[in-house]
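The residues making up each chain are set out below.
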Amino acid sequence: MVSTNVVTNGGNGNASPENKTPQQMAPKKPTPPSFALRARNFAAKSLRFGSTVVGIAVAANVASHIYELNQVDTFFGGNNTDSSSDKEGAQTDDKSKGKSKKSVLVLPFSNLKVVERRSGDFDDLKRLGPDRDKQPTIVLEAKELVKIIHTAASDPNITALHADFGEGMRFPCGLGHMEEIRNAIRVFNESHRRHRDPNTQHNPVFAMQRNGDPKQSYAFGHSFQWNEYFLASSFTHVHLQSRGALHLFGVTASNTFLRSALDKYGIKAHVFKHGDYKTAPNMFTEDKYSKPHLEAVKSMTASLNNTMFSCIEKARDLNFDSVMRKSMFDYGSLSAANGADLGLIDAMFPVDPLLSLLHANKEVAAGDKEKVEDGKDLIKAKKAKLEEIFGLNKSFDKFVATEQVSLVKYHEMMKKKAKLEERRKYFTKLAESSTAASLILSTIGLAPREAKLLPSKVEKVAVVTVDGSIGSSLSYEIIESLRKIRTDDDVKCLVLRVNSPGGSVTSSEAILEELKILEKPIICSMSNYAASGGYYISTSCEKMFANPTTITGSIGVFGIKLDASKWAKDYGIRTDYYPHGSHAASLNPLVPLTPRTKGNITRLIAGHYDYFKNIVANGRSMSVDEVEQVAQGRVWTGEQAKEVGLVDRLGGLDRAVSYAKSTHTKSESVDVEYWPRKKGFWDFISGKESLAGIISEAVALVKNSSDETDSIVHLFNEMSELKFAERPHFMLTMDEKTALDLILGRD
């Protein structure tokens, strides 16, 4: 037996190469890194990549900021267009800032829609439909348009305004908005003066002389209706198409009455109201104007006509007596020649001469720049040619503009300028945080080298806009805004901007109670309407401002109980019910009005009316009897309301904000915030205004337009429409449309 000794490579022994096994001869694999080491390496790479991305993002933002800054500076010519910074009333020195441009700002009233409040900045997306190639609609808030005109007034690049009324304003504009726009145009016309309170009638006591001549403003139209001419008359020059006409018929009130139609279908509207002048429900109960209704309409239209005519006479330097006024209203349409003879227009042209004038001025300017020897002859030749075509008069002697600026472009550049100003404030605060940040930001031009310290906290004035009929949706939105404002200590005063004919009692009361616990001073600014429920929510304000043409008052309440029992009987429909209590089925539209139901609603309406009068008496420092004299549902214009003590001062939103700043803030720089906030991009995508919402509405419209001949289907459709009457309707409104919308549940 042979024994074999095997030497292993273990312990302290070392095997020679010839004694190694094949496994031992294979190359040794490296030990993989630990998880911690791999994680550390990944983090380092991510940090380097993240730093690179952040650096690129910062560089892109800086480049974008500098590009927009240069764009704004180029557009505005490097001049400061903020009139508030011009404390001494002197214009910027052109030599130090560069020569100013000569531009005319065009206001296209023919396709301009002026609203109190836009829901968001995505109205332009609605132009993507089949009508996108047609004349686009420009939507602006009244305060935006006023601010644009005020900015143009202090912008040395804008030498004139030109309003294009075309064949008429496609979208009606409220008289309150028109007054605020007129006042802004007056400020433009008097831009050589310094206005402390820009949204009031001019008073030399509150003005300081500025350098320069008055700016010129022009209005051109193919024809003018009464309201359109009221706005156009505020321009220094009014021009009419040669074959155009002035349809100056005065203010007209139109009301629709449904009683005969309801009787025809066997439906009766039981109306409970306090005040003979609470006329909104008359559309359901009358066939024509009642005596109090007619009296109220006559009073309101006469006041509006007198206010508008007085403004026109003052702007056009006319002196018409009452006989002349009546003759003009009764004559009918005035030709362009008639208007010129009466001093209502300055000139008549076959077409709008704006483009020709700009072209001529540009050629003359080019000739002057090239120092053409016969420059004077060139000017004379151009002027003679224009006079031959247009028959130009002295209207355009001071028209020096060589280019036009669209309203949309000017508004966009103003928004960019405001955004850059916000960034500048941010960078200035960032520069204050450290010397290194200040050095870097000042080097690349994002912060001034010697930055003025900004206050750590800026006082604010919040403007809350109540726009439209007051129902559950609007009240929810307003209450949410008020609750956020209440917790903001920087807000020193609230301006309640009301543009509403009223609405639901419950919704109006909810807003009023939220205002009472705000614990901040409240100023009211009334727009086109602030009546009934609109006035109701304003009673907690310490000061009320209204335009002379604002419609307000209508202090009263009414309720409606619809009775369709006869209609049901005619169709062979019978309703059976078992109520737990005397009033359980009283609001069913197929149940007739009972004495108990009548007594119940009457008691509720009386209680609401008494409470309304009491809060007005407390807010206006009047007795209840004094309130009763101006209440009873009667509607007043702003001018009348001031006379009877329902408002304090006449003026628009700018004046109310100016009062709030001067009375309730201490710092020179005050931010103005507007509520409710406009909807952002994601709100637009997810809301009912989204593309999906628009498509669904279109589908529903197509479905509803199909021809259904089955009488049973028609019957059930009519029955479903009566579901709206199964709830009580107690309303604070002066407007028939608002009342109908609330009854049908469209709030």
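Residues numbered from 1 in each chain as written. Predicted model: local features only at pLDDT ≥ 70, side-chain atom pairs only at ≥ 80, totals over all residues. Heavy atoms only, no water.

Participant: Explain the overall build of the protein to me, and be specific about the residues and the numbers.
Facilitator: Helix and strand counts for the protein stand at 27 helices and 23 strands. Within the protein, buried positions represent 44% of all 747 residues. Taking all contacts inside the protein whose residues are at least 6 apart in sequence as the whole, residues at least 24 apart take part in 77%. (Helix = DSSP H or I, 4+ residues; strand = E, 2+ residues; numbered from the N terminus. Buried < 20%, exposed > 50% of the residue type's maximum accessible area, 1.4 Å probe, protein only. Contact = heavy atoms within 4.5 Å.)

Participant: Provide a residue-level description of the pattern of salt bridges, including the pertinent values.
Facilitator: All told, the structure shown has 22 salt bridges when counted by the stated rule. Here K326 ties to D330 by a salt bridge, and the two come within 2.7 Å at their closest N and O atoms. Taken together, the residues K326 and D330, both in helix α10 (residues 322-331) and four residues apart, mark about one turn of the helix. An identical accessibility class is assigned to K326 and D330; each is exposed. In this structure, D570 and K566 form a salt bridge, with 3.3 Å as the shortest nitrogen-oxygen distance. In this pair, D570 and K566 are both assigned in helix α19 (residues 565-570), four residues apart and thus about one turn of the helix distant. Overall, D570 belongs to the exposed group, its relative accessible area being 53%. (Salt bridge = Lys/Arg side-chain N within 4 Å of Asp/Glu carboxyl O.)

Participant: For the environment of T665, give the residues involved together with the corresponding values.
Facilitator: Looking at the secondary structure, you find T665 in the loop between α23 (653-664) and β22 (670-675). Taking the C-alpha atoms as reference points, T665 and K460, 205 residues apart in sequence, are found 8.1 Å from one another. Apart from the residues lying within four places of it in its own chain, the contact partners of T665 are E459, V461, K492, A660 and V670. Here the side chain of T665 touches K661 through a polar contact of 2.3 Å, landing on its backbone oxygen. (Polar contact = N/O pair within 3.5 Å; in protein donor to acceptor, adjacent residues only side chain to side chain.)

Participant: Explain the packing of helix α17 (residues 505-516) against helix α20 (residues 595-620) to me, using residue names and the numbers behind them.
Facilitator: Their axes nearest at 13 Å, the elements α17 and α20 cross at an angle of 30°. With respect to their mutual orientation, α17 and α20 come out roughly parallel. α20 is crossed by α17, and the crossing has left-handed handedness. Between α17, through V505, E509, L512, E513 and K516, and α20, the contact on the second element is made entirely by H608, Y611 and I615. Taken together, the residues that form the contact of α17 with α20 break down as four nonpolar, one polar and three charged. (Axes fitted to C-alpha atoms, helices over the stretch in contact; angles between N-to-C directions. Parallel < 35°, antiparallel > 145°, perpendicular 65-115°, else oblique. Left-handed = near helix turned anticlockwise from the far one by under 90°. Nonpolar A, V, L, I, M, F, W, Y, C, P; charged D, E, K, R; others polar.)

Participant: Break down the pairing of strand β17 (residues 543-546) for me, citing the residues and quoting the values.
Facilitator: As defined by bridge partners, strand β16 (residues 522-531) adjoins β17 across four bridges and the pair is classed as parallel. Bridge assignment links S525 to a residue of β17, and that residue is F545. Two elements, β17 and strand β21 (residues 649-650), share two bridges in a ladder whose sense is parallel. Pairing of A546 across the sheet is with L650, part of β21. (Pairing = 2+ DSSP bridges.)

Participant: So what's going on with the environment of A232? Residues and values would help.
Facilitator: Along the chain, the position of A232 falls in helix α6 (residues 226-232). A relative accessible area of 0% means that A232 is categorised as buried. With 123 residues separating them along the chain, A232 and F109 place their C-alpha atoms 9.8 Å apart. In contact with A232, other than residues within four places in its own chain, are F165, A219, F224 and V238.

Participant: Would you mind going over the side chain of N157 in detail, with residue names and values included?
Facilitator: Position of N157 relative to the elements: it lies in the loop between α4 (142-154) and β4 (158-166). Separated by 2.6 Å, the side chain of N157 and the backbone oxygen of F76 make a polar contact.

Participant: Outline the confidence of the model for the protein, listing residues and values.
Facilitator: Detail in the predicted coordinates should be disregarded across regions flagged by low pLDDT. Taken over all residues, the pLDDT of the protein has a mean of 79, while the share at 70 or more is 67%. Note on residues 1-13: pLDDT under 50 across the span, and three contacts to partners over four residues away in sequence or across chains. (pLDDT = per-residue confidence, 0-100.)

Participant: Provide a residue-level description of the packing of aromatic side chains, including the pertinent values.
Facilitator: If you walk through the whole model with that rule in mind, you get 16 aromatic pairs. Plain terms: the ring middles of F165 and F224 are 5.3 Å apart, the flat faces sit at 70° to each other, and that makes the pair edge-to-face. With a gap of 59 residues between them, F165 in strand β4 and F224 in strand β7 (residues 216-225) connect regions that are remote in the sequence. What makes F224 buried here is its relative accessible area of 0%. Every member of this aromatic cluster is reached through a ring pair, and the members are F109, F165, F224 and Y229. If you follow R634 out to its NZ or CZ, it ends over the ring of Y277, 4.9 Å from the centre. The ring of W675 is capped by R677, whose NZ or CZ atom sits 4.1 Å from the centre of that ring. (Phe/Tyr/Trp six-rings, centres within 6.5 Å; stacked < 30°, edge-to-face > 60°. Lys NZ or Arg CZ within 6 Å of the ring centre and 35° of its normal.)

Participant: Describe the pairing of β16, naming the residues involved and giving the relevant values.
Facilitator: Among the ten residues that make up β16, nine are buried, leaving the element largely enclosed by the rest of the structure. Sheet topology note: the β16/strand β18 (residues 551-553) ladder contains three bridges and is parallel. Looking across to β18, one finds that Y529 is bridged to I551.

Participant: Give a detailed account of the packing of α4 against helix α5 (residues 175-189), specifying residues and quantitative values.
Facilitator: Where α4 contacts α5, the axes come no closer than 8 Å and their chain directions differ by 5°. Viewed along their axes, α4 and α5 adopt a mutual orientation that is roughly parallel. Two secondary-structure elements touch here, α4 through A142, L145, V146, I149, H150, A152 and A153 and α5 through H177, E180, I181, A184, I185, V187 and F188. Each residue belonging to the contact of α4 with α5 can be placed in one class, and the counts come to eleven nonpolar, two polar and one charged.

Participant: Any chance you could break down unusual backbone geometry for me, citing the residues and the numbers?
Facilitator: For the bond from W675 to P676, the omega torsion is -10°, close enough to zero to count as cis. Here P676 lies in the loop between β22 and α24 (681-686). Of note, D317 is a non-glycine position whose phi angle comes to about 55°, a positive value. The phi torsion at S532 lies on the positive side, around 55°, for a residue other than glycine. Residue placement: S532 occurs in the loop between β16 and α18 (533-536). Its relative accessible area of 0% is what places S532 among the buried residues.

Participant: Just give me the short version of the side chain of E141, but keep the residues and values in it.
Facilitator: With respect to the helices and strands, E141 occurs in strand β3 (residues 138-141). Residue E141 is classed as buried on the basis of its relative accessible area of 2%. With near-sequence residues (within four places) excluded, E141 lies in contact with V115, E116, R117, R118 and K678.

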